[in-house]
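As a plain string of letters, each chain reads:
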Amino acid sequence: MPPTIEEMPMAKALNAGLRAAMAADDRVLLMGEDIGTLGGVFRITEGLQAEFGMKRVLDTPLAESGIIGTAVGLAMRGYRSVCEIQFDGFIYPGFDQITSQLAKLTNRTEGSVHMPVVIRVPYGGHIGAVEHHQESPEAYFAHTAGLRVVSPSTPNDAYWMIQEAIASDDPVMFFEPKSRYWPKGPVDFSSSAVPLHSTRVVRTGTDVTLIAHGAMVSTLLQAAQVAADEGVSVEVLDLRSLSPIDFGPIISSVEKTGRLIVCQEAPGFVSVGSEIAATVAERAFYSLQSPVLRVSGFDTPYPSSKIETFYLPDADRVLEAVDRSLAY
Amino acid sequence: MAENSPTVQFLSIDGEFAPSEAAEEYLPYLADLSDDDHRQFYRDMAISRRFDEECTNLQRQGQMGLWPPSHGQEAAQVGSARASRPQDILFPTYREHAVGLVRGIDILGIVKVMRGTSLGGWDANDPKNGNFRNYTLVIGSQTLHATGYAMGVAFDGLVGTGDPDVDTAVMVYFGDGSTSQGDVSESFVFAASNQTPQVFFLQNNQWAISVPVSTQSRIPLYLRARGFGIPSVQIDGNDVLASYAATRKHLDEARAGQGPAMIEALTYRIGAHTTSDDPTRYQTPEQLAYWVARDPIKRFEAYLRAQGADDAFFARTTEEANDFAADLRHRTLTLEAPPLSSMFDNVYAEPHPLVAEQHAWLNAYELSLREGI
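This one's a predicted model, so the numbers in the text were calculated from it and none came from an experiment.

(A) The arrangement of helix H9 (residues 248–257) of chain A in detail. Residues and elements named next belong to chain A. For H9, the set of buried residues is Ile250, Ile251, Ser253, Val254 and Thr257. Each buried residue of H9 sits inside an arc of 160° when the element is viewed along its axis, so together they form one side. In the core, the buried residues of H9 are packed alongside strand S10 (208–212), strand S11 (234–238), strand S13 (260–267) and helix H10 (272–283). Immediately beyond the C-terminal end of H9, within one or two residues, lies Gly258, with a positive phi of roughly 80°.

What follows is the structure, encoded as structure tokens:
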């Protein structure tokens, strides 16, 4: 029996969450490249093949469409597959099976078939890797009806959200912020704190609202601390779910602060941040004291890693936007 | 076929029983077929052709958005479907009308898909639909679903038990064009790697819309599978007995735990790719005549007549097919548009606030229009 609260990195929390889900339901399978004996390139599945066997933790051939497409067939047979995509930029060979098959089959079959498949995607930058290893492709999937899209920012959320995603009868795109795999944080094993699809206020404030998901949440908390030192009270929201988006806490926050800055590593054009800006403009227009601003990656390919810090929004770029918002 | 042909063929194009050398190992699989079975094969083929003809007409009359004809491919489809056992699971493309008929789906389900009143057409999980999965329109994508499903069948322990009512196989249909798709190659890889209980049934109808099979492959397509470590065979796809025997053998072996196999059935799409297509732009009259002379139904009729089937049998079958078509026409014309709620239902299995909100908005909007009148 583990202690109720334990400090651990997100990587270990995900491992514990996967283990709990597999122990709870023997129809849960893990599938992916190098996830068996190696434990995955990020070691998220470490030890699970030894514990649950080769038929529950499958080292697949190296083919993303094959992984997703066979997971679709397994779902038709009643299995609940958790597919690991090795890196964000390698998900595109599986795009048709995700968007045309996995996402649409429940609707196409008028509900006779469910697709309880989780696709785990280590995503985002800050790790100094080569091309295709640091992207943030979540908007493609948030745009697709039939998919749910979530991204944890803390070890505790990672532990609980992966189990909630596996328990869902819908396909869930699970974006893991790989730059947050190793910092430790508390995991409360006693209960799930919040439902899967809910936005959470992680720091209260009164002057301006900042919102992000995944690794950017910690950047916002840094920025909020600096702003506090300068006398600006910043509220920080962790989006957690990118589809559906829980707009209630966002609207409430904007009604209080009157200012919103949406932050993400992904490019800004036609992004999750754009959707939040549009919806806030529709629903909280009279509360806004300044335009909703976006702080995002540029609309370029992800750059060479030696200059990635100029691409990725940091606390300074967030604070620059805070200044602009307050000066409006 | 040439004498040294690798192709499994039992019936010559004149309907004479003359097994090719390659057919010899498949002969035992014909042994338990009765005259009634033979006549059933014929009825299946005749009814599915008449069904196909009626659907083409209905499309021409504006009653369907699109129709993909199966004319010419009846022997490949009926023979393979009749070789499957009730517990087997069949994954079609979008042209396996005869397979659906044999497996016992309400054939109107296919019409619903093509008329635009349903996306799926039938409930593949309803036992009365014969484990005939839904049509798939993205070329080749169903091969991976079949392979994953077959992995699940094996995980469930339904392979190699020796109980003929338990052991289960999966058969997936695909076409010559789809063999160029990555998903088909990936499904070969996954099937070979997992030794799935699975038969890949390729209908090589010579055309991917307008592109001939020679553009897809420089080697006979059945040889492709061997490069993946999957045993394969080429059959005369217009010989219903060849289709039956080859599929029986390889499904039996798959159920017994001997892994996947691939069958290439050489056939021809006598009709258009779909009713939106014009094959006169790419197909020569000589090609068409060559294959019309190899018509699978006429060939089997000649065989049955030699076996003693009389005019009365064929007249009865024609009448049965006409009745089937008339009933289908009647039921097609009664198919209405689905309720607007079907757009929002089952987008997700669990509640979703955005979809619920938009559904409520459309209801309110439609109501406001009615109230405005």
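(B) Broad picture of the pairing of strand S14 (residues 293–297) of chain A. All names here are of chain A. Within S14, four of the five residues are buried, which leaves the element mostly enclosed by the surrounding structure. Here S13 runs beside S14; their pairing, made up of four bridges, is parallel. Looking at the pairing, Ile261 lines up with Leu293 of S14. Where the polypeptide runs from S13 across H10 and back to S14, its parallel neighbour, the crossover connection is right-handed.

(C) Summary view of the environment of Phe310 of chain A. All names here are of chain A. For Phe310, the position within the fold is in helix H11 (residues 308–311). For Phe310, a relative accessible area of 61% puts it in the exposed group. For the pair Phe310 and Arg43, spaced 267 residues apart in sequence, the C-alpha separation works out to 29 Å. Those residues within four positions of Phe310 in sequence are excluded, and the remaining contacts are Phe298 and Arg317.

(D) Spotlight on the packing of helix H5 (residues 141–155) of chain B against helix H6 (residues 182–194) of chain B. Residues and elements named next belong to chain B. Taken N-terminus to C-terminus, the directions of H5 and H6 make an angle of 15°; their axes are 7 Å apart at the nearest point. On the basis of their axis angle, the class for H5 and H6 is roughly parallel. Between H5 and H6 the crossing geometry is left-handed. Along the contact surface, H5 presents Ser141, Thr143, Leu144, Thr147 and Met151, while H6 presents Asp183, Val184, Glu186, Ser187, Phe190, Ala191 and Asn194. Per-class residue counts for the contact of H5 with H6 are five nonpolar, five polar and two charged.

(E) Main features of the pattern of salt bridges. This structure, assessed with the given rule, holds 36 salt bridges over all chains. The partner of Asp156 of chain B in a salt bridge is Arg77 of chain A, and the shortest N-O contact between them spans 2.8 Å. Linking Asp156 of chain B in the loop between H5 and strand S2 (170–175) with Arg77 of chain A in the loop between helix H3 (64–76) and strand S4 (80–84), this pair reaches from one chain into another.

What counts and what doesn't
- Residues numbered from 1 in each chain as written.
- Chains lettered and ligands numbered in written order.
- Predicted model: local features only at pLDDT ≥ 70, side-chain atom pairs only at ≥ 80, totals over all residues.
- Heavy atoms only, no water.
- Buried < 20%, exposed > 50% of the residue type's maximum accessible area, 1.4 Å probe, protein only.
- Helix = DSSP H or I, 4+ residues; strand = E, 2+ residues; numbered from the N terminus.
- Arc of directions from axis to C-beta.
- Contact = heavy atoms within 4.5 Å.
- Pairing = 2+ DSSP bridges.
- Right-handed = clockwise from strand over helix to strand, strands pointing away.
- Axes fitted to C-alpha atoms, helices over the stretch in contact; angles between N-to-C directions.
- Parallel < 35°, antiparallel > 145°, perpendicular 65-115°, else oblique.
- Left-handed = near helix turned anticlockwise from the far one by under 90°.
- Nonpolar A, V, L, I, M, F, W, Y, C, P; charged D, E, K, R; others polar.
- Salt bridge = Lys/Arg side-chain N within 4 Å of Asp/Glu carboxyl O.

Nothing here speaks to function; it is geometry throughout.
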